[in-house]
Amino acid sequence: MPESQAASDEIFMREALNEARKAYSKEEVPVGAVLVFKNKIIARAHNQVELLSDATAHAEMLCLTMGSEALGNWRLLNTVLYCTIEPCAMCAGAMFLSRISRLVYGAKEMRHGAHGSFIDLFSKNHPTHSIEVTEGVLAHSCATLLQDFFKKKRKKNEQSDDTVR
């Protein structure tokens, strides 16, 4: 990968991390995403599953919807989606259908990841579209934010269990 591409990837991943921090502050699973077209962010989102009471309100899904609105087209050709965590199967499917060109993500997601952690949808020869994937960009920062969130959540749950007894 060219050095300038790696530098750009880090810049845009930091923006996705900013979105993930917003989710964290709202007690949502801290996943963030940004969609880039011609080296400019055209959409940004973070998980809103709890807020919207909608299991499909993942950062990636919301970002793809906003990107379609920004471009006035459901085909997101020549776009790059940056997300802090390896996408799930639902989000991967939406990426194929939206025709993004490239996916860049930070940390692996062992329970639901669709790029090899749980299942690998990106290695299959898709009949209508292929997506270039770059993994591991700022992986430590992305993973740490997620781990801190769940540690905090477990601690809060333990404390509420103690008050019930």
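Structural data are supplied above this passage.
Okay, so let's go over this structure.

Cut-offs applied
Residues numbered from 1 in each chain as written. Predicted model: local features only at pLDDT ≥ 70, side-chain atom pairs only at ≥ 80, totals over all residues. Heavy atoms only, no water. Salt bridge = Lys/Arg side-chain N within 4 Å of Asp/Glu carboxyl O. Helix = DSSP H or I, 4+ residues; strand = E, 2+ residues; numbered from the N terminus. Buried < 20%, exposed > 50% of the residue type's maximum accessible area, 1.4 Å probe, protein only. Contact = heavy atoms within 4.5 Å. Pairing = 2+ DSSP bridges. Axes fitted to C-alpha atoms, helices over the stretch in contact; angles between N-to-C directions. Phe/Tyr/Trp six-rings, centres within 6.5 Å; stacked < 30°, edge-to-face > 60°.

**Section: the pattern of salt bridges**
Opposite charge on two side chains makes pairing possible when the charged atoms of those side chains draw close.
Part 1 of the reasoning: Evaluated as defined, the whole model comprises seven salt bridges.
Part 2 of the reasoning: A salt bridge links Arg14 to Glu10, with the shortest nitrogen-to-oxygen separation between them at 3.5 Å. Taken together, the residues span about one helical turn, with Arg14 and Glu10 both in helix 1 (residues 3-25) at a distance of four residues.
Part 3 of the reasoning: Take Arg14: its relative accessible area is 44%, and that puts it in the partly exposed class.
Part 4 of the reasoning: A salt bridge links Lys108 to Glu135, with the shortest nitrogen-to-oxygen separation between them at 3.7 Å. Of this pair, Lys108 sits in the loop between strand 4 (102-107) and strand 5 (132-135) while Glu135 sits in strand 5, placing them 27 residues apart in sequence.

**Comments concerning unusual backbone geometry**
Comment: phi is negative for the bulk of residues other than glycine, and the bulk of peptide bonds are trans.
Part 1 of the reasoning: Within the chain, Ser53 stands out as a residue other than glycine whose phi angle is a positive 50°.
Part 2 of the reasoning: Mapped onto the elements of the fold, Ser53 is located in the loop between helix 2 (49-52) and helix 3 (59-71).
Part 3 of the reasoning: Since its relative accessible area comes to 68%, Ser53 is described here as exposed.
Part 4 of the reasoning: A positive phi angle, near 50°, is found at Leu138, a position not held by glycine.

**A closer look at helix 4 (residues 89-98)**
Part 1 of the reasoning: Burial in helix 4 covers these residues: Cys91, Ala92, Ala94, Met95, Phe96 and Ser98.
Part 2 of the reasoning: Along its buried surface, helix 4 packs onto helix 3, strand 3 (79-85) and strand 4.

**With respect to the pairing of strand 3**
Part 1 of the reasoning: Taking burial as the measure, the seven residues of strand 3 include seven buried ones, the bulk of the element.
Part 2 of the reasoning: With five bridges connecting them, strand 1 (residues 32-37) and strand 3 associate as antiparallel partners. Note on strand 3: the bridge partner recorded for Phe37 is Thr79.
Part 3 of the reasoning: The pairing of strand 3 with strand 4 spans five bridges and is classified as parallel.

**Looking at the sheet that holds strand 1**
Part 1 of the reasoning: The strand order 2-1-3-4-5 describes an open sheet built from five strands, whose pairing is mixed. In this open sheet, the two strands that pair with only one neighbour each are strand 2 (40-46) and strand 5. Averaged over all neighbouring strand pairs, the angle between strand axes comes to 15°, with direction disregarded.
Part 2 of the reasoning: Along the sheet, helix 3 makes contact with strand 1, strand 2 and strand 3, crossing strand 2 at roughly 145°.

**Notes on the environment of Phe149**
Part 1 of the reasoning: Mapped onto the elements, Phe149 comes out in helix 5 (residues 139-164).
Part 2 of the reasoning: The exposure class assigned to Phe149 is buried, which follows from its relative accessible area of 5%.
Part 3 of the reasoning: Once you skip the residues sitting within four places of it in the chain, Phe149 turns out to touch Tyr24, Glu27, Glu28, Val29 and Pro30.

**Digging into the packing of aromatic side chains**
Each aromatic ring pair is described using two quantities: the centre-to-centre distance and the angle formed by the ring planes.
Part 1 of the reasoning: Per the stated rule, a full pass over the model turns up four aromatic pairs.
Part 2 of the reasoning: Between Tyr24 and Phe149 the ring centres are 5.6 Å apart and the planes differ by 70°, which places this aromatic pair in the edge-to-face class. Placement of the pair is Tyr24 in helix 1 and Phe149 in helix 5, with a sequence separation of 125 residues.
Part 3 of the reasoning: Put simply, the rings of Tyr24, Phe149 and Phe150 pair up and form one aromatic cluster.

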